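Below, each chain spelled out in residue letters.
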Amino acid sequence: NNPWDQAGAAGRDPGPGDPSPHWGEPPRTPPSPAGPGDQSGDVEEEEEEEPALRAMLSAVAGSRVPVRSQQKDEPDLTEREKLSILRALYREKPLVFLERFRGSLRAEHLACFRHLRGDYRADFYCAEVAEAGRARATRTRLRNKRYAALRQLIQGGEYFSDEEMRARDPLLYEQYIGQYLSEEDQAPSLQQSPPAAGGTLSSVLLQAYHEQLLRTRLHRQQEEEDACLEEEEEDDDDDEEAGDGWEPDAEEKGMLREEFTSRMYQRFLDGKDPDFDYSEVDDNPELDNLDIVSRDAEERYFDEEEPEEALDTGPDEE
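As the structure is a computational prediction, the values presented were derived from the model and not from experiment.

Attention shifts here to the packing of helix H6 (residues 120–156) against helix H11 (residues 250–269). It is the contact of H6 with H11, at a shortest axis distance of 10 Å, that shows an interaxial angle of 135°. With respect to H11, the axis of H6 lies oblique. Our pair here, H6 against H11, has a crossing hand that is right-handed. Two secondary-structure elements touch here, H6 through Arg146, Tyr147, Ala149, Leu150, Leu153 and Ile154 and H11 through Tyr265, Phe268 and Leu269. Broken down by class, the residue content of the contact of H6 with H11 amounts to 8 nonpolar, no polar and 1 charged.

In structure tokens:
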């Protein structure tokens, strides 16, 4: 029982605790000597080739890695054209294929390269794919934990309240919400109100001190941003003049608030809240078993994987 085969059969990448098997089993259809220009039998070849090989080629064709260099005005390749080019390269020069497109491969695809076993370059590239699979599995578990923690914090209400979010990023709050608030709409922390009945002088002083710290931090952030803007060589004065007098209506204010909140959610998920102890989330085994509402909802708060780039290997030599 090869654990590599088990990982491929399950349709997943091997986890961090999985052993490091070699490459699985080879496709039953061996590479044919068909040339890259021979596309007349593509349909028949697709029907005859092993499902594992077809799945691997389709995964590479569906990635954002270009299968070949194209001129600027050249039309995009169709899916069938991509598959034909990839199939020809795989059959003629599988090692070049592996080297060039290994960033788009998953553990279950390594079975298609077992016939290269023993070549030190192929061994190295396949080990890279396996390690990337384990790292990907770790990242997935980590982001699921943080998403589960995010949901708990949202339900709790305090961590993502206006006051707390403003305290974490005064400038972002000011840009999206604060500058458009009327005096009556401003948060109590922004107003110089008299102490409430039963309130102590120390609590009022502490609140005033906290507010002063926020204003000082906001001023510092604004100065840093202004300095960055001054360094830009190309400024659009017309856009600046048009934006100076803009006042959003109620619907636009709602959209700005949603965008601000979404950015604060993403910031939490990315581990960029400096005062939050992420070890309480990342190392918490209880969060592994929490149900995630839906994949679509989760993916709203995670950037897509960076597009893998095919490596320039120079001349097509094995």
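Text resumes after the structure shown.
Once that is clear, we can look at the nonpolar core. If you look at the biggest cluster of nonpolar residues, it comprises 26 residues, and the most contacted ones within it are Met56, Leu57, Leu86, Tyr90, Phe97, Leu98 and Phe113. Broken down by secondary-structure element, the contributors of at least two residues to this core are helix H3 (51–62), helix H4 (79–92), helix H5 (94–101) and H6. Non-local contacts of Met56, meaning those with residues more than four positions away in its chain, are made with Tyr90, Phe97, Leu105, His109, Cys112 and Phe113. By size, the runner-up hydrophobic cluster in this structure holds 22 residues, among which are Ile177, Tyr180, Phe260 and Phe268.

With that settled, the discussion passes to the environment of Arg166. Secondary-structure assignment places Arg166 in helix H7 (residues 162–168). Taking relative accessible area as the criterion, Arg166 reaches 9% and is therefore assigned buried. Spatially, the C-alpha atoms of Arg166 and Ile177 are 9.5 Å apart, while their sequence positions differ by 11 residues.

Under the criterion given, the structure shown has 9 salt bridges. Ionic pairing is found between Arg134 and Glu131, a salt bridge with its closest N-O pair at 3.1 Å. Taken together, the residues span about one helical turn, with Arg134 and Glu131 both in helix H6 at a distance of 3 residues. When the shortest N-O distance is used, the salt bridge between Asp282 and Arg146 registers 2.9 Å. A residue pair is termed long-range when its members are at least 10 positions apart, and Asp282 in helix H12 (residues 279–282) and Arg146 in helix H6 qualify at 136 residues. When its relative accessible area of 12% is taken as the criterion, Arg146 is described as buried. By sharing partners, the salt bridges in this structure join Arg168, Asp169, Arg267 and Asp273 into a single network.

Time to look at the confidence of the model for the protein chain. Scored by pLDDT, the protein chain comes out at a mean of 74, with 60% of its residues at no less than 70. Contacts from residues 16–39, a stretch scored under 50 in pLDDT, to residues over four places away or in other chains number 49 contacts.

Our focus in this paragraph is the packing of aromatic side chains. All chains considered together, the criterion is met by 15 aromatic pairs. Geometrically, the ring pair formed by Tyr159 and Phe276 is edge-to-face, given 5.7 Å between the ring centres and 70° between the ring planes. Note that Tyr159 is positioned in the loop between H6 and H7 and Phe276 in the loop between H11 and H12, a separation of 117 residues in sequence. Assigned by exposure class, Tyr159 and Phe276 land together as buried. Between the aromatic rings of Phe276 and Tyr278, the centroid separation amounts to 5.0 Å while the plane-to-plane angle is 65°, which identifies the pairing as edge-to-face. The exposure classification of Phe276 matches that of Tyr278, with both residues buried. Ring-pair connections join several aromatic residues into one group, and the members of that group are Tyr159, Phe160, Tyr265, Phe268, Phe276 and Tyr278. For Arg168, the ring lying beneath its charged end belongs to Tyr159, and the centroid distance is 3.8 Å. The ring of Phe160 is capped by Arg168, whose NZ or CZ atom sits 5.4 Å from the centre of that ring.

Quick notes on the rules
- Position numbers for residues count from 1 along each chain, tracking the sequence in the order it is written.
- Confidence filtering applies because this is a predicted model: local features only for residues at pLDDT of at least 70, side-chain atom pairs given and counted only at 80 or more, and all residues used for totals across whole chains, interfaces and linings.
- As a rule here, side-chain values cover all heavy atoms of the structure and leave hydrogens and water aside.
- Interaxial angle, 0 to 180 degrees, is taken between N-to-C directions of lines fitted to C-alpha atoms, where a helix line uses only the stretch in contact.
- We count a stretch as a helix when DSSP gives it H or I for four or more residues in a row; a strand needs E for two or more, and each element gets its number in order from the N terminus.
- In these notes the angle categories are as follows: under 35 degrees is roughly parallel, over 145 is roughly antiparallel, 65 to 115 is roughly perpendicular, and the rest is oblique.
- Should the near helix be turned counterclockwise from the far one by less than a right angle, the crossing is left-handed, whereas a clockwise turn marks it as right-handed.
- Any two residues whose heavy atoms approach within 4.5 Å are treated as being in contact.
- Gly is placed with the polar residues, together with every amino acid not listed as nonpolar (Ala, Val, Leu, Ile, Met, Phe, Trp, Tyr, Cys and Pro) or charged (Asp, Glu, Lys and Arg).
- Buried Ala, Val, Leu, Ile, Met, Phe, Trp, Tyr and Cys residues that are joined via side-chain atoms within 4.5 Å together make up what is termed a nonpolar core.
- Note on classification: 1.4 Å probe, protein chains only; a residue is buried when its accessible area is under 20% of the maximum for its type, exposed when over 50%, partly exposed between these limits.
- Whenever a carboxyl oxygen of Asp or Glu lies within 4 Å of a side-chain nitrogen of Lys or Arg, that contact is scored as a salt bridge.
- Per residue, pLDDT captures the predictor's confidence, and it can take any value from 0 to 100.
- Any two rings among Phe, Tyr and Trp, with Trp reduced to its six-membered ring, count as a pair given centres within 6.5 Å; such a pair is stacked if its planes are under 30 degrees apart, edge-to-face if over 60, and tilted if neither.
- Note on geometry: a ring has a charge over it if NZ (lysine) or CZ (arginine) is within 6 Å of the ring centre and within 35 degrees of the ring normal.

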